[in-house]
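# Residue-level structure breakdown
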Amino acid sequence: KNDDAGYTRHKAEILFQLGEIAGNLDAMATGNIGIVKIILRRDALAKSHRPFKALFTPRLTPVVGGGDLGEIFVEARPEALRQIQAVVRNGEDQTRMKRDKTGRNIPNPSTVRRETGAIERIELFGTEDRSRFSGNELLALLKNPMSGGAYHVELFDVPPPRNQWDGVEERKRILYESFVEGIRKIGPGTVVNIWALDGPGHGRISIRLEKSSSPPEFFFEEVARSRRSKREVSPIDPDIERHKKLLFFLDDHPLVRRVELPPIITRA
């Protein structure tokens, strides 16, 4: 169906969404790097319709994961989104036609128009994507003596050891610094461990809030394992406000993909 008027309205919405997200990234104090969620139309889920050839190219916005069916997550910077915005804006509004082998006129849209039309909407990956539990669930968990005590946090990009930060671009360094310093501000008794590395950069960490006067500890390096195994484990801090402070920070940071409550330990 050649709905030029409908496409023009859709194009305007996509342009607005790209501009709004770019503006939000500009205002971030964490390095102006964020995760953008591209939601595809249900009738455009085929690989050939994904918007990676003309719009969200790997050079501009590398793919970092996916969510529900038709959801793709890309890492984006404001200038990249504005480049994509310019490409969309310059795409044709009127349906281009060509003759097929039988002599009939058939639609022949450009790659830009096809990819723009395949997108349902574009959003900044947000708080509601990162944690899906209530304050009551958190409170009940803290009161449960069988709680494992450590939040499991999936990251889009696990910060490397601090001695490697000089080798990364400035905005990535700011992103890592803001994450580590934000957790450090949660206060004494905060313990961060590498839980699993799922691939280059991607992985999961655990964060435990203990009732302790020890300064925050980060075990991001392999050499830290022996030191970690020797440390004395303190009880979980029951201060609900402190836990809320940590979760509020995690829910708002671009590095974080998902936050899960500590598991309940049961006997087999």
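This section reports on the structure supplied with the text.

Reading guide: rules and limits
Residues numbered from 1 in each chain as written. Predicted model: local features only at pLDDT ≥ 70, side-chain atom pairs only at ≥ 80, totals over all residues. Heavy atoms only, no water. Pairing = 2+ DSSP bridges. Helix = DSSP H or I, 4+ residues; strand = E, 2+ residues; numbered from the N terminus. Axes fitted to C-alpha atoms, helices over the stretch in contact; angles between N-to-C directions. Contact = heavy atoms within 4.5 Å. Core = buried A, V, L, I, M, F, W, Y, C linked by side-chain atoms within 4.5 Å. Buried < 20%, exposed > 50% of the residue type's maximum accessible area, 1.4 Å probe, protein only. Parallel < 35°, antiparallel > 145°, perpendicular 65-115°, else oblique. Nonpolar A, V, L, I, M, F, W, Y, C, P; charged D, E, K, R; others polar.

### Looking at the sheet that holds strand β1 (residues 34-40)
Spatial ordering of the open sheet is given by β2-β3-β1-β6, a layout of four strands whose pairing is antiparallel. Each edge of the sheet is formed by a strand with only one pairing partner; in this case those strands are β2 (63-66) and β6 (119-124). Strand-to-strand twist of the sheet, defined as the mean angle between neighbouring strand axes without regard to direction, takes the value 25°. In the sheet, β1 pairs with β6 via five bridges, with the strands oriented antiparallel. Along β6, the bridge assignment pairs L40 with I119. Across the sheet, helix α1 (residues 4-26) is in contact with β1, β3 (71-76) and β6; its angle to β6 comes to roughly 15°.

### Description of the nonpolar core
Counting 26 residues, the largest nonpolar core has V153, F179, I205, I207 and L250 as its most contacted members. Contributing elements (two or more residues each) for this core: β7 (150-155), α6 (170-184), β9 (203-209), α8 (240-252) and β11 (256-260). Counting 22 residues, the second-largest nonpolar core is a separate cluster that includes L15, I21, L25 and V112.

### Concerning the packing of α1 against helix α3 (residues 111-118)
Close contact between α1 and α3 brings their axes to 10 Å; oriented N to C, the two are set at 75°. Overall, the two elements α1 and α3 adopt an arrangement that is roughly perpendicular. Two secondary-structure elements touch here, α1 through D4, Y7, H10 and I14 and α3 through V112, R113, T116 and G117. The class makeup of the residues in the contact of α1 with α3 is three nonpolar, three polar and two charged.

### Quick look at the side chain of T30
Along the polypeptide, T30 turns up in the loop between α1 and β1. With a relative accessible area of 15%, T30 lands in the buried category. When sequence neighbours within four positions are dropped, the list of residues in contact with T30 reads R171, I174, L175, S178, H253 and P254.

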